[in-house]
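Below, each chain spelled out in residue letters.
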Amino acid sequence: MVSFRKKKSSKNVDTAPAKDESTAAPAPADASATPAEPTSSPAPAAPEKPVEEAREPEAAKPAPAPVKPPQMEDIPELIETMMGEKGEKSAAATKRIYELCDVGHKQNRVPMVCSGKYDVLTPLAQCLTQESGDGRHLACLALNNLSIPTENKRVMALGPASSAVIGGLCKVIAEDKQESYLCCICLMNLSFLEASITTMLQHSPVPEGSDPIAPLDNPDSLLRILEKLLNNAPAVPKSGSGKSEGVRWACGLIKNLAKSEENAALFGKTDIPNRVVDNIRNTTAPPSRWTSNSLEDFSLFVILNLAQWPGSREALIEAGAIDVIKPIMAEGDLQGLKATMACAFLGAQWGDFPESGSTAAKSISELMTNIIEKKGKDGQYAYGVFKLYTATKAYRDLSSAARAADGESGESNTKVLAVPSAVALCLQVVSDLVLAADDEANGGSKYVPDVKSAEYSAKAVLNMLPAILQAGDPPRKSIQSEKACGELATMFTAYSNLPGTSPEGKSTALRAAEEISAASGAARPILEISHDLWTQYRKREGQPLDQFISQEKGIEVDESGPLDFLPCVNSDSQCSIL
């Protein structure tokens, strides 16, 4: 067996983490997160002995031939060796493949997978099934590095070799090999391609010629393998151990996979919701000490993503998630924001939110603004970590909790949320969708919202209307409020008529339009300021300011119009219409 000793300073390992497309900090996805060289238990290099201390004369041994660095043109021969040989020769060839895509050869990663000249994925996947630790470890390192470029993710997760790659990675995890955590990292890298996440979780291998088996019914499916990994983890895994690293990166993978509603429904039928809640419940570290990509950070992200979807929401509630994460809301950082949104999704009472809901309102509305303006928040999250539909849904659910606490006639709690800037932001999301759907409208928005975001924003406005439409003191007439009521009622009506609007969205919009129209005439300060901020935004974006002004100009009165019932019209008689 060939033994590759780990050097104290290796130039082969990519120490830069892979770019994380959906987490607060980049995920250490290169093989760099792994040991520098592929031996499972590296021994320290023995110091060289002087010639006179050698047992045999130097002349008795031939000088070793210099090892030529691998080249891209060597790949076909290396693949042939990997596929046709076993043991030392196969491991040596796998090592050369790994060296071609290490940190010093990043430029080779895309051509190795996407050029069409080579099929390195199939032999690497085959190496994952080897009993030899060296070959298997090297294959994990190579696949890890190759899974980093965005172009490669699609080929590896959805291409012809995807079944072999995902199947090989799953086999290593299922057998609880020491490389399990590397396989979880590789799968997590692939799951950053959102187009792949539904297909990945459907991985459910069966013997050739057998009928397909649903993931929930197949112990060899990725879904059940991840569940088993989490179920078999100790309650408080030893930090840095192979077992704890496997659980940690498995939770990172689940975090990405749970962004899909279909996947969340599958997770909700397993023990995974219970296990991620347990990860938070059993931790001894305070949230302020949780680092990015830690087990606790990943687990709270999983809870947040699963809480959004009906198919997994109930499983979290039954696991006691609200009571476990409620204290985290008081943290004024990323963890507090995640816990706040998750509590809103899970139906926490208004009184559960710290500082009478003001902190929650501010942090979520700020998140909505940052998403629309395509920016992150320093030290907390990057742009792209959260989706607009997640933030707007959280604001909708938060406003629903406030409205429920107010009852039928109050507005003190919804007033906490109905800050003019936040109201204007919700109006902006709805109107931008309406404008984007109008082919004849000029101007546009730098951020075109999705249908769900518009629906959630419309519902948030409806929930906040008791506070938005609160009359001024003392009561007075206001042309500005009358204009605002007219424009907003028209805008919500236009939104209700869009082809993609759901029945619930249509009902919400029509109710909002009706209530706003009925409030026309009297001065309503929050409405006026919100409308003014919305108008200023539309000016900056170059949008038509008459888009939502009623175009009805009255009925023209002439002889051929509504007065044609008079006897003198279209007759020879002489008469005058005064």
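Refer to the structure above for everything that follows.
Residues numbered from 1 in each chain as written. Predicted model: local features only at pLDDT ≥ 70, side-chain atom pairs only at ≥ 80, totals over all residues. Heavy atoms only, no water.

Novice: Explain the overall build of the protein to me, please; I cannot follow it from the model alone.
Specialist: Counting its secondary structure elements, the protein contains 25 helices and 0 strands. Taken over 578 residues, the protein has a buried fraction of 51%. Restricting the contact set of the protein to residue pairs at least 6 apart, pairs at least 24 apart contribute 73%. Accessible surface, the protein: about 27,200 Å² in total, of which carbon and sulfur atoms supply 51%. (Helix = DSSP H or I, 4+ residues; strand = E, 2+ residues; numbered from the N terminus. Buried < 20%, exposed > 50% of the residue type's maximum accessible area, 1.4 Å probe, protein only. Contact = heavy atoms within 4.5 Å. Areas by Shrake-Rupley, 256 points an atom, 1.4 Å probe, with all protein chains shown as cover.)

Novice: What is the right way to read the pattern of salt bridges from this model?
Specialist: Two side chains that carry opposite charge are able to pair once their charged atoms sit near each other. Enumeration over the complete set of coordinates arrives at 17 salt bridges. As a salt-bridge pair, Glu-175 and Lys-171 come within 2.5 Å of each other at their nearest N and O atoms. Judged by its relative accessible area of 37%, Glu-175 is partly exposed. Residue Glu-245 pairs with Arg-248 through a salt bridge whose shortest N-O separation is 2.7 Å. Remark: Arg-248 and Glu-245 occur in helix H11 (residues 242-257); sequence separation between them is 3 residues, near one turn of the helix. Assessed through its relative accessible area of 19%, Arg-248 is described here as buried. Connected through shared salt-bridge partners, Lys-171, Glu-175 and Lys-177 make up one network. (Salt bridge = Lys/Arg side-chain N within 4 Å of Asp/Glu carboxyl O.)

Novice: What's the story with the side chain of Ser-196 in this structure? I'm lost.
Specialist: Inspection of the secondary structure assignment puts Ser-196 in the loop between helix H8 (180-191) and helix H9 (197-201). With near-sequence residues (within four places) excluded, Ser-196 lies in contact with Ala-157, Leu-158, Leu-190 and Ser-191.

Novice: Sorry, what's going on with helix H5 (residues 133-146) here?
Specialist: Helical geometry note: an α-helix holds 3.6 residues per turn, so side chains three or four residues apart project in the same direction. The terminal C-alpha atoms of H5, which comprises 14 residues, lie 20 Å apart, in line with the 20 Å expected from a rise of 1.5 Å per residue. Of all 14 residues in H5, 13 are buried; the element is thus mostly enclosed. (Expected span 1.5 Å × (residues − 1).)

Novice: Sorry, what's going on with the nonpolar core here?
Specialist: If you look at soluble globular proteins, the nonpolar side chains tend to sit buried side by side. Counting 158 residues, the largest nonpolar core has Ile-325, Phe-386, Tyr-395, Ile-468 and Phe-492 as the members making the most contacts within it. Of all the elements, helix H21 (residues 420-437) adds the most residues to this core, at 10 residues. The contacts of Ile-325, once residues within four sequence positions are left out, are Leu-300, Ile-303, Ala-339, Ala-342, Cys-343 and Leu-346. (Core = buried A, V, L, I, M, F, W, Y, C linked by side-chain atoms within 4.5 Å.)

Novice: Looking at this structure, I do not really get the packing of aromatic side chains. What am I missing?
Specialist: Any aromatic ring pair is given by two values, namely how distant the centres are and how the planes are angled relative to each other. Taken as a whole and assessed by the stated rule, the structure comprises 6 aromatic pairs. The interplanar angle of 80° and the centroid separation of 5.6 Å between the aromatic rings of Tyr-381 and Phe-386 together place this pair among those described as edge-to-face. With a relative accessible area of 6%, Tyr-381 lands in the buried category. When the ring of Trp-534 is compared with that of Phe-548, the centres are 5.8 Å apart and the planes differ by 25°; the resulting orientation is stacked. With a gap of 14 residues between them, Trp-534 in helix H25 (residues 525-540) and Phe-548 in the segment after H25 connect regions that are remote in the sequence. In this pair, the class of Trp-534 matches that of Phe-548, namely buried. Grouping aromatic residues by their ring pairs yields a cluster made of Phe-301, Tyr-381 and Phe-386. Against the face of Phe-345 rests Lys-393, its NZ or CZ located 6.0 Å from the ring centre. Sitting above the plane of the Trp-534 ring, Arg-538 keeps its charged end 4.2 Å from the centroid. (Phe/Tyr/Trp six-rings, centres within 6.5 Å; stacked < 30°, edge-to-face > 60°. Lys NZ or Arg CZ within 6 Å of the ring centre and 35° of its normal.)

Novice: Explain the environment of Val-429 here, please?
Specialist: In this fold, Val-429 is placed in helix H21. Overall, the relative accessible area of 2% leaves Val-429 in the buried class. It is 9.1 Å that separates the C-alpha atoms of Val-429 and Glu-455, two residues lying 26 residues apart in sequence. Not counting residues within four places of it along the chain, the set of residues in contact with Val-429 comprises Ile-372, Pro-449, Ser-453, Ala-454 and Ser-457.

Everything listed here is a matter of geometry and, on its own, says nothing about what the molecule does.
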